[in-house]
Amino acid sequence: MQAFPDTTALRDPRALDDLLLYRLWRAMRAGIGMATRIAEGGFGITHREWGMIGMLAQVGEIGPSALAVQLQLDRVRTSRGLRSLFEKRLIERRQDSEDGREVHVRLSAAGRQLFEDMFPRISALNIDLLECLDAEHHGIFLQCLRDLELHSTALNARFAVSGKSDRRLGGTRHRWSSRSETDVRLTALGRSARYG
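Residues numbered from 1 in each chain as written. Predicted model: local features only at pLDDT ≥ 70, side-chain atom pairs only at ≥ 80, totals over all residues. Heavy atoms only, no water.

Asks: Can you walk me through the environment of Ile 122 in this structure?
Replies: Residue position: Ile 122 is located in helix 6 (residues 109-130). Residue class for Ile 122 comes out buried when judged on its relative accessible area of 9%. (Helix = DSSP H or I, 4+ residues; strand = E, 2+ residues; numbered from the N terminus. Buried < 20%, exposed > 50% of the residue type's maximum accessible area, 1.4 Å probe, protein only.)

Asks: Looking at this structure, I do not really get helix 5 (residues 75-87). What am I missing?
Replies: What sets the pattern is the α-helix's 3.6 residues per turn: residues three or four places apart point alike. Helix length check: helix 5 (13 residues) gives 18 Å between terminal C-alpha atoms against 18 Å at 1.5 Å per residue, within 8%. Within the sequence span of helix 5, burial applies to Thr 78, Gly 81, Leu 82, Ser 84 and Leu 85. Taken down its axis, helix 5 places every buried residue within 160 degrees of arc, on the same side. Opposite the buried face of helix 5, by more than 90 degrees, sit the exposed residues Arg 75, Arg 80 and Glu 87. Check the buried side of helix 5 and you find it contacts helix 3 (47-59), helix 4 (64-71), strand 1 (91-95) and strand 2 (103-107). Near the N-terminus of helix 5, the side chain that reaches the backbone nitrogen of Val 76, with its oxygen 3.1 Å away, is that of Asp 74. Positive phi shows up at Arg 89, right after helix 5, with a value of about 60 degrees. (Expected span 1.5 Å × (residues − 1). Arc of directions from axis to C-beta. Contact = heavy atoms within 4.5 Å. Polar contact = N/O pair within 3.5 Å; in protein donor to acceptor, adjacent residues only side chain to side chain.)

Asks: Can you help me understand the packing of aromatic side chains in this one?
Replies: The way to describe two aromatic rings as a pair is by their centre distance and the angle between their planes. Under the definition given, this model contains 3 aromatic pairs. Where Trp 50 meets Phe 115, the ring centres are 5.7 Å apart and the plane angle is 15 degrees; that geometry is what we call stacked. With Trp 50 in helix 3 and Phe 115 in helix 6, the pair connects residues that are 65 residues apart, well separated along the chain. Looking at Trp 50, the relative accessible area reads 10%, which means it is buried. (Phe/Tyr/Trp six-rings, centres within 6.5 Å; stacked < 30°, edge-to-face > 60°.)

Asks: What am I meant to see in the confidence of the model for the chain here?
Replies: Should the pLDDT be low somewhere, the predicted coordinates at that spot are not to be read in detail. On average, residues of the chain score 84 in pLDDT, and 78% of them reach the 70 mark or higher. Predicted confidence is poor over residues 180-196, with pLDDT under 50, and the contacts of this stretch with residues over four places away or in other chains come to 27 contacts. (pLDDT = per-residue confidence, 0-100.)

Asks: Can you help me understand the side chain of Thr 36 in this one?
Replies: Structurally, Thr 36 is set in helix 2 (residues 20-43). In this structure, Thr 36 is in contact with Gly 41 and His 47, ignoring residues within four places of it in sequence.

Asks: Where do I start with the pattern of salt bridges in this structure?
Replies: Where charged atoms from two side chains of opposite charge come close, those side chains can pair. One pass over the full model with this rule turns up 7 salt bridges. For Arg 23, the salt bridge identified is with Asp 17, shortest N-O distance 3.7 Å. Exposure class is identical for Arg 23 and Asp 17. Each is buried. A salt bridge links Arg 106 to Glu 92; its shortest N-O distance comes to 3.1 Å. Residue Arg 106 is located in strand 2, and its partner Glu 92 is located in strand 1; the two are separated by 14 residues in the primary sequence. Because the salt bridges share partners, they merge into one network encompassing Glu 61, Glu 92, Arg 94 and Arg 106. (Salt bridge = Lys/Arg side-chain N within 4 Å of Asp/Glu carboxyl O.)

Asks: Hey, could you run me through the packing of helix 4 against helix 5 in this one?
Replies: Packed helices, taken two at a time, are described by their axes: the angle between them and the distance between them. Contact geometry for helix 4 and helix 5: axes closest at 9 Å, N-to-C directions at 110 degrees. Taken together, the axes of helix 4 and helix 5 are roughly perpendicular relative to one another. Seen along the crossing, helix 4 lies across helix 5 with a hand that is right-handed. Together, Pro 64, Ser 65, Leu 67 and Ala 68 of helix 4 and Arg 75, Thr 78 and Leu 82 of helix 5 make up the contact between the two elements. (Axes fitted to C-alpha atoms, helices over the stretch in contact; angles between N-to-C directions. Parallel < 35°, antiparallel > 145°, perpendicular 65-115°, else oblique. Left-handed = near helix turned anticlockwise from the far one by under 90°.)

Asks: For this particular structure, what's the right way to read the packing of helix 2 against helix 6?
Replies: Between helix 2 and helix 6, the shortest axis-to-axis distance is 11 Å and the interhelical angle comes to 160 degrees. Judged by the angle between their axes, helix 2 and helix 6 are roughly antiparallel. Viewed along their axes, helix 2 and helix 6 form a crossing whose handedness is right-handed. Along the contact surface, helix 2 presents Gly 31, Met 34, Ala 35, Ile 38, Ala 39 and Phe 43, while helix 6 presents Leu 114, Asp 117, Met 118, Arg 121, Ile 122, Leu 125 and Leu 129. Taken together, the residues of the contact of helix 2 with helix 6 break down into 10 nonpolar, 1 polar and 2 charged. (Nonpolar A, V, L, I, M, F, W, Y, C, P; charged D, E, K, R; others polar.)

The following block contains the structure:
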């Protein structure tokens, strides 16, 4: 396993291993991979479709735009996911009785059954992941997660990072900027950082 940073390195990163987002990604990668194998291998749906099914089981009937907000997905990805779930007969669509342009979605009977069959396996995986933490640390861990989520959401809302991704043109697969540096504005800290 790669060297793990101490608190000093986290606050003053000098290498990839010191970066908080990189460590979080490494921690999530294996767990998400297992969840994806359950979804795809066991139930024939993608990990993103599972997220939609789980949210629909939680909130009931909802509009596609509101679902996108709940899942923090853009509308295009949400629309594609819902179309796939509809073709698999895992969701139902209903037009609003007052505004025919409005469409609501909800789980079908098959979708509800899939959720009830799949959720225990995903839940067991999440419980297994917590076994490495002492029980008295669970509350601290959840508070840290909450703080990170709230702060990253606030940073994103304040456009702390300049520029935007553009996947319509193939993103970085087909082109690479000739600029040697990209300005990253860390407005929350009141300073600028540069990454080569």
